[in-house]
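Overview (structure and organization)
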Amino acid sequence: MAEAAHRYDETMPLEYRTQESRLNILGFWIFLGAEVALFATLFATYLVLFQRTGSGPTAKELFEVKDVLIETLLLLTSSFTCGLAVFEMRRNRLSGLLTWLLVTLLLGAGFITFEIREFIHYVHEGATMQTSAFLSSFFVLVGTHGAHVSLGIGWMILIIIQILQRGLTPRTARKVFIVSLYWHFLDVVWIFIFTLVYLTGMVI
Amino acid sequence: MGANHHHETFPWKHIVGFIFSLLLTFAALWVALSSGLSTGAIIGIIVILAVIQASLQLFMFMHMTESDSGKIQTINMAYSFFIAVVVVVGSIWTMSFVL
């Protein structure tokens, strides 16, 4: 196995062909582990403080099912289309890859648009970061996720430009695969925000 | 070693993963808002549904177990989730005595 790892392996998908790529992908998984720890601290802060609403609104008064569901479905579908992009890449279909990446970007942009509208709506209702411990920790947790999605959109645009310039090579394929891991991971985090912040907030 | 996907012509795995994710999302929504269960039961159930959906993403969309590093990747993510649970549950438990 150790010897095989050094070879240029034709039987593997493009993104795994070189040892450098394989190590990059493994390294990115390690990074995602660190991201889990980062979000865990923000979840812990939020869950400890979310009933400390002071004179501001409570989670139940603030959250609206419809808006949250739209954001959830947009991000979930974008994770699905991002998976389809990698699927097309593995069939060596450049047009399919680019199409699904673009759809993913549009859905991601839709998600961010709804999230910003949601935040603006809260602020207009007097629910700002300074209002209560609940809202401080809410905006930090959900905002950190939103910042990740925004970064992912910029990153994916750069990767698309590079594919257009260089075509599908073991190197660009590896970059697509890694940005896809990042994108799916953002949906994993959102599943817990949906569950522990929004649904829990509407129940308690 | 399971990284070879050249022969698949239709993304069944992704479609099944997507449909199950949708079902789990709406199931969680229903349990939370319409089931009429106790608060404790609701939170227990929706957390389990979230863990299942997160696993679907990791296994069906992110191909966590493929390649030579599949085992390391899986252990890495399992350990990070262990740390997450310790941090979150530990914080809530500790602060339940203070606040």
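Residues numbered from 1 in each chain as written. Chains lettered and ligands numbered in written order. Predicted model: local features only at pLDDT ≥ 70, side-chain atom pairs only at ≥ 80, totals over all residues. Heavy atoms only, no water.

The name given to chain B in an unreviewed UniProt entry is Quinol oxidase subunit 4, with Parageobacillus thermoglucosidasius as the source organism. Of chain B, the UniProt comment under Function (unreviewed entry) reads exactly: "Catalyzes quinol oxidation with the concomitant reduction of oxygen to water." Looking at the Catalytic activity (unreviewed entry) heading of the UniProt record, one finds this comment for chain B: "2 a quinol + O2 = 2 a quinone + 2 H2O". (UniProt positions renumbered as here; feature names shortened; annotations may be inferred.)

Chain A carries the name Quinol oxidase subunit 3 in an unreviewed UniProt entry, which gives Geobacillus sp. as its organism. Taken directly from UniProt, the Sequence similarities (unreviewed entry) text for chain A runs: "Belongs to the cytochrome c oxidase subunit 3 family." The UniProt entry for chain A carries the following text under Function (unreviewed entry): "Catalyzes quinol oxidation with the concomitant reduction of oxygen to water."

Once that is clear, we can look at the overall build of chain A. Looking only at helices and strands, chain A has 6 helices and 0 strands in total. For chain A, the succession of helices and strands along the chain, N to C, is α-α-α-α-α-α. Considered along the principal axes of its C-alpha atoms, chain A spans approximately 65 × 35 × 25 Å. A fraction of 79% describes how many contacts in chain A between residues 6 or more apart in sequence connect residues 24 or more apart. For chain A, the accessible area works out to roughly 8200 Å², and carbon and sulfur atoms hold 64% of it. Distance between charge centres in chain A, computed from 14 positive and 15 negative side chains, equals 8 Å. (Helix = DSSP H or I, 4+ residues; strand = E, 2+ residues; numbered from the N terminus. Contact = heavy atoms within 4.5 Å. Areas by Shrake-Rupley, 256 points an atom, 1.4 Å probe, with all protein chains shown as cover. Lys, Arg positive; Asp, Glu negative; His and termini not counted. Charge placed at Lys NZ, Arg CZ, Asp CG, Glu CD.)

Moving on, we get to the nonpolar core. Nonpolar side chains in soluble globular proteins tend to be buried together. Ranked by size, the top nonpolar core spans 95 residues in total, and within it Phe 43, Phe 63, Phe 138 and Tyr 198 of chain A carry the most contacts. Broken down by element, this core gets its largest block of residues, 23 residues, from helix H6 (residues 170–203) of chain A. The two domains that each donate at least three residues to this core are domain 1 (10–65) and domain 2 (66–98) of chain B. (Core = buried A, V, L, I, M, F, W, Y, C linked by side-chain atoms within 4.5 Å. Buried < 20%, exposed > 50% of the residue type's maximum accessible area, 1.4 Å probe, protein only. Domains from an automatic or database assignment.)

Time to look at the interface of chain A and chain B. With 49 residues of chain A at the interface, the matching set in chain B holds 52 residues. Between chain A and chain B, the buried area comes to about 4600 Å², and carbon and sulfur atoms account for 79% of it. Counting the contacts that link chain A with chain B gives 1 salt bridge. For Glu 66 of chain B, the salt bridge identified is with Arg 90 of chain A, shortest N-O distance 2.6 Å. At the junction of chain A and chain B, the tally comes to 6 residue pairs in polar contact (both at pLDDT 80 or more). For the side of chain A that touches chain B, the elements supplying multiple residues, two or more each, are helix H1 (19–49), helix H3 (65–90) and H6 of chain A. Counted by class, the side of chain A that touches chain B contains 34 nonpolar, 10 polar and 5 charged residues. (Buried area = accessible area lost by both parts, 1.4 Å probe. Salt bridge = Lys/Arg side-chain N within 4 Å of Asp/Glu carboxyl O. Polar contact = N/O pair within 3.5 Å; in protein donor to acceptor, adjacent residues only side chain to side chain. Nonpolar A, V, L, I, M, F, W, Y, C, P; charged D, E, K, R; others polar.)

Turning next to the pattern of salt bridges. Note that side chains of opposite charge can pair when their charged atoms are close. The final tally for this structure, using the stated rule, is 5 salt bridges over all chains. A salt bridge links Arg 171 of chain A to Glu 20 of chain A; the nearest nitrogen and oxygen atoms lie 4.0 Å apart. Residue Arg 171 of chain A is located in helix H6, and its partner Glu 20 of chain A is located in helix H1; the two are separated by 151 residues in the primary sequence. Relative accessible area serves as the criterion here: at 46%, Arg 171 of chain A is assigned to the partly exposed category. Through salt bridges that share partners, Glu 15 and Arg 90 of chain A together with Glu 66 of chain B make up one connected network.

The next subject is the UniProt feature "transmembrane region" (unreviewed entry) in chain B. Residue and element names in this part refer to chain B. Under the present numbering, the feature "transmembrane region" (unreviewed entry) in UniProt falls on residues 12–33, 39–62 and 74–93. In the segment residues 12–33, helix accounts for 100% and strand for 0%; the C-alpha atoms at its two ends are 32 Å apart. Note that residues 74–93 is 100% helix and 0% strand, and that its end C-alpha atoms are spaced 28 Å apart.

A few words on the UniProt feature "transmembrane region" (unreviewed entry) in chain A. Residue and element names in this part refer to chain A. Per the UniProt entry, the sites bearing "transmembrane region" (unreviewed entry) are residues 26–48, 68–87, 94–114, 134–164 and 176–199 in this numbering. With 100% helix and 0% strand, residues 94–114 has its two end C-alpha atoms placed 30 Å apart. Helix makes up 100% of residues 134–164 and strand 0%, with an end-to-end C-alpha separation of 45 Å.

Turning our attention to the packing of helix H1 (residues 12–34) of chain B against helix H2 (residues 39–61) of chain B. Residues and elements named next belong to chain B. Orientation of H1 relative to H2, taken along the N-to-C sense of each, is 170 degrees, at an axis distance of 10 Å. Considering the angle they form, H1 stands roughly antiparallel to H2. Every pair of crossing elements has a handedness; the one defined by H1 and H2 is left-handed. (Axes fitted to C-alpha atoms, helices over the stretch in contact; angles between N-to-C directions. Parallel < 35°, antiparallel > 145°, perpendicular 65-115°, else oblique. Left-handed = near helix turned anticlockwise from the far one by under 90°.)

With that settled, the discussion passes to H1 of chain B. End to end, H1 of chain B covers 32 Å across 23 residues, agreeing with the expected 33 Å (1.5 Å per residue, within 8%). Turning to H1 of chain B, the residues buried within the fold contact H3 and H6 of chain A together with H2 of chain B. Of the residues one or two after H1 of chain B, Gly 36 of chain B is the one with positive phi, at around 75 degrees. (Expected span 1.5 Å × (residues − 1).)

Another point: the side chain of Thr 25 of chain B. Its place among the elements puts Thr 25 of chain B in helix H1. A distance of 2.8 Å separates a polar side-chain atom of Thr 25 of chain B from the backbone oxygen of Ser 21 of chain B. The contact partners of Thr 25 of chain B, leaving out residues within four places of it in the chain, are Leu 69, Thr 72, Leu 76 and Phe 194 of chain A together with Gln 53 of chain B.

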